[in-house]
Amino acid sequence: MERVGHSAVVHGDLMIIFAGKDNDNNKLNDIWEYNFIHNIWKEYQIKEGIPIGRSGHSACIYRDYMIVFGGIHEVTKELDDMVLFDFVNKRWIQFFEEGASPNKRRLSISNAYIVNNS
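Now for a look at the structure at hand. (Residues numbered from 1 in each chain as written. Predicted model: local features only at pLDDT ≥ 70, side-chain atom pairs only at ≥ 80, totals over all residues. Heavy atoms only, no water.)

## Overview of the overall build of the chain
When helices and strands are counted, the chain shows zero helices and eight strands. When its helices and strands are written in sequence order, the chain yields β-β-β-β-β-β-β-β. Within the chain, the proportion of its 118 residues that are buried is 35%. Expressed as a percentage of contacts within the chain between residues at least 6 apart in sequence, the contacts between residues at least 24 apart total 34%. Put simply, the chain shows about 8400 Å² of open surface, and 50% of that area lies on carbon and sulfur atoms. (Helix = DSSP H or I, 4+ residues; strand = E, 2+ residues; numbered from the N terminus. Buried < 20%, exposed > 50% of the residue type's maximum accessible area, 1.4 Å probe, protein only. Contact = heavy atoms within 4.5 Å. Areas by Shrake-Rupley, 256 points an atom, 1.4 Å probe, with all protein chains shown as cover.)

## A closer look at the pairing of strand 6 (residues 65-74)
Sheet topology note: the strand 5 (residues 58-62)/strand 6 ladder contains five bridges and is antiparallel. Each bridged residue has a counterpart across the sheet, and for Y62 the counterpart in strand 6 is Y65. From the end of strand 5 to the start of strand 6, which pair antiparallel, there are two residues, and R63 there has a positive phi angle of about 55 degrees. Pairing geometry for strand 6 and strand 7 (residues 77-86), over eight bridges, is antiparallel. Looking at the pairing, E74 lines up with K77 of strand 7. Linking two consecutive strands that pair antiparallel, namely strand 6 and strand 7, is a turn of two residues. (Pairing = 2+ DSSP bridges.)

## Considering a nonpolar patch on the surface
A cluster of nonpolar residues, V10, F36 and I37, forms a patch on the protein surface that exposes about 300 Å² of accessible area. Here I37 shows up in the loop between strand 3 (27-35) and strand 4 (40-43). (Patch = residues over 30% accessible without salt bridge, like charges linked within 9 Å, V, L, I, M, F, W, Y side chains within 5 Å. Salt bridge = Lys/Arg side-chain N within 4 Å of Asp/Glu carboxyl O.)

## A look at the pairing of strand 8 (residues 91-96)
Across five bridges, the pairing between strand 7 and strand 8 is antiparallel. Along strand 8, the bridge assignment pairs M82 with F96. Hairpin geometry of strand 7 and strand 8 is characterised by an intervening segment of four residues between the two adjacent antiparallel strands and by a positive phi of about 50 degrees at K90.

## Observations concerning unusual backbone geometry
Even without being glycine, N25 reaches a positive phi, approximately 70 degrees. The class of N25 is partly exposed, set by a relative accessible area of 41%. A positive phi angle, close to 55 degrees, is found at R63, a residue other than glycine. Note that R63 resides in the loop between strand 5 and strand 6. Owing to a relative accessible area of 63%, R63 belongs among the exposed residues under this scheme.

Honestly, that's just the spatial picture; any functional story needs more than this.
Here it is as C-alpha cells:
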C-alpha cells in the first residue's frame, strides 16, 4: 500500500514500517516488516492495543522495542503519546497516553548560568 508520513526503523535483518497516511489522507495504524534477506513484505496481524492512526510521528529502536512518539491524527489534532512495539512478543505497549505525557519544562533566564572555564 502506498503511504507517506510513516516511520521506518531497522531491527536486525528487518525494516519495520508503521502508520502514515494513504492517498486519500486517511491515517493508518498498521505495521509491516520487510525482510532484507528474503525480500519479503509481511503485515503484522495485531488485534489488541493498536495505537491511533497517525502520520508525521517519530520512531526509534531501543533493544527489542520500537518506540513511537507523537504525530498527527487530524489536521487539528497533534498527538503527544508514546507507545512501544515489543518485537519479541509482537504486541503494543502504551507507555503514556495522549494528554498524560510528562510535563514540558522551560528554561527560565533566572535559572540559567554560564560557566566560563577559560
